[in-house]
Amino acid sequence: MIRIDERISKSELTYDWIRERIIGREFNPGYRLVLGAIAKELGISVVPVREAVRRLEAEGLIEFERNVGARVAMVNQDEYIDTMQTLGVLEGAATALALPLMTEADLARAQAINDSMRAMLEDFDPVAFTSLNEKFHRALFQRCPNPHISELADRGWNRMSGLRSSTFAFVPDRAPRSVKEHDDILRLIRENAEPLEIELAVREHKWRTVEAYRQQRTSS
């Protein structure tokens, strides 16, 4: 029994280690993951590395290519759009369900994050801005009582990690409007608007970014 617990702990450690490097873009899309090298780096056997890789594959962060093996997933443009549209639906529902459990501290944290995003507009850093954007949305749906919806939203963000640094790099003109829409969402929550109105506001906010991205692709 102790050995099983240790194995699970090592698998979780490896999962976090690899995921952080994918999200931080130390491991870029297409980067080949050599399981033996990772095991040696962490001082563990290949078994927990394999378990961690399988978990990351299920989340869409890693893919297997014939004659190559495991590599960081290549997220194409159409998949990005599909994922963003799906995430808009999931985040809208998760935020609406979280409303009864949301605290003033939650709202204050979300507001502080959005204020940081606003301050960044003058000296724009798309990577840092996108990271803050994720934190803002997670602050709103973190108390969602439905674990299935929360998990799906988490997976949506994970799937986009391959394009994490590119979201607002592709549509920098969208950033000021995004901050304004965040303020509008927070205002609706503070005014106790109908949950459906808030859900649709979150969804439309995400879909506007998709539309801006699509237009950018068409014009380029």
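K.L.:
Would you mind going over the nonpolar core in detail, with residue names and values included?
P.N.:
Judged by nonpolar contacts, the single largest core of 39 residues is most densely connected at Met102, Phe129, Leu140 and Ile189. Broken down by secondary-structure element, the contributors of at least two residues to this core are α4 (77-98), α5 (104-119), α6 (126-141), α7 (147-159), α9 (174-190) and α10 (195-219). Ranked by the residues each element gives to this core, the list is headed by α4, at 8 residues. Residues within four places of methionine 102 in sequence aside, it is in contact with Thr95, Leu107, Leu140, Arg143 and Ile189. One finds Leu35, Val49, Val53 and Ala70 within the second-largest nonpolar core, a separate group that totals 18 residues.

K.L.:
Pulling in residues and values, what's your account of empty space enclosed by the protein?
P.N.:
Here the structure, examined in full by the defined rule, presents 1 cavity of 30 Å³ or more. Each pocket or cavity is described by its volume, and for the largest cavity that value is around 110 Å³. Elements supplying a minimum of two residues to the lining of the largest cavity: α4, α6, α8 (167-170) and α10. Of the residues that constitute the lining of the largest cavity, the class distribution is 5 nonpolar, 7 polar and 2 charged.

K.L.:
Help me get a handle on the environment of lysine 40, residues and values and all.
P.N.:
If you trace the backbone, lysine 40 turns up in helix α2 (residues 35-42). A C-alpha to C-alpha distance of 33 Å links lysine 40 and alanine 153, two positions 113 residues apart in sequence.

K.L.:
Could you give me a rundown of the pairing of strand β2 (residues 69-72), with the residues and numbers involved?
P.N.:
Bridge count between strand β1 (residues 62-65) and β2: 4 bridges; the pairing is antiparallel. Counted as the bridge partner of glutamate 63 is arginine 71 from β2. Here β1 folds back onto β2, and the loop between the two strands holds 3 residues, one of which, asparagine 67, carries a positive phi near 65°.

K.L.:
Outline the environment of aspartate 123, listing residues and values.
P.N.:
Along the chain, aspartate 123 turns up in the loop between α5 and α6. Residues aspartate 123 and arginine 50, spaced 73 residues apart in sequence, show a C-alpha to C-alpha distance of 41 Å.

Conventions adopted
- Residues numbered from 1 in each chain as written.
- Predicted model: local features only at pLDDT ≥ 70, side-chain atom pairs only at ≥ 80, totals over all residues.
- Heavy atoms only, no water.
- Core = buried A, V, L, I, M, F, W, Y, C linked by side-chain atoms within 4.5 Å.
- Buried < 20%, exposed > 50% of the residue type's maximum accessible area, 1.4 Å probe, protein only.
- Helix = DSSP H or I, 4+ residues; strand = E, 2+ residues; numbered from the N terminus.
- Contact = heavy atoms within 4.5 Å.
- 1 Å grid on protein atoms, 1.4 Å probe; cavity = no way out; pocket = protein on both sides within 12 Å on 5 of 7 lines; lining within 4 Å.
- Points joined across faces, edges and corners; volume = space filled by probe spheres on them.
- Nonpolar A, V, L, I, M, F, W, Y, C, P; charged D, E, K, R; others polar.
- Pairing = 2+ DSSP bridges.

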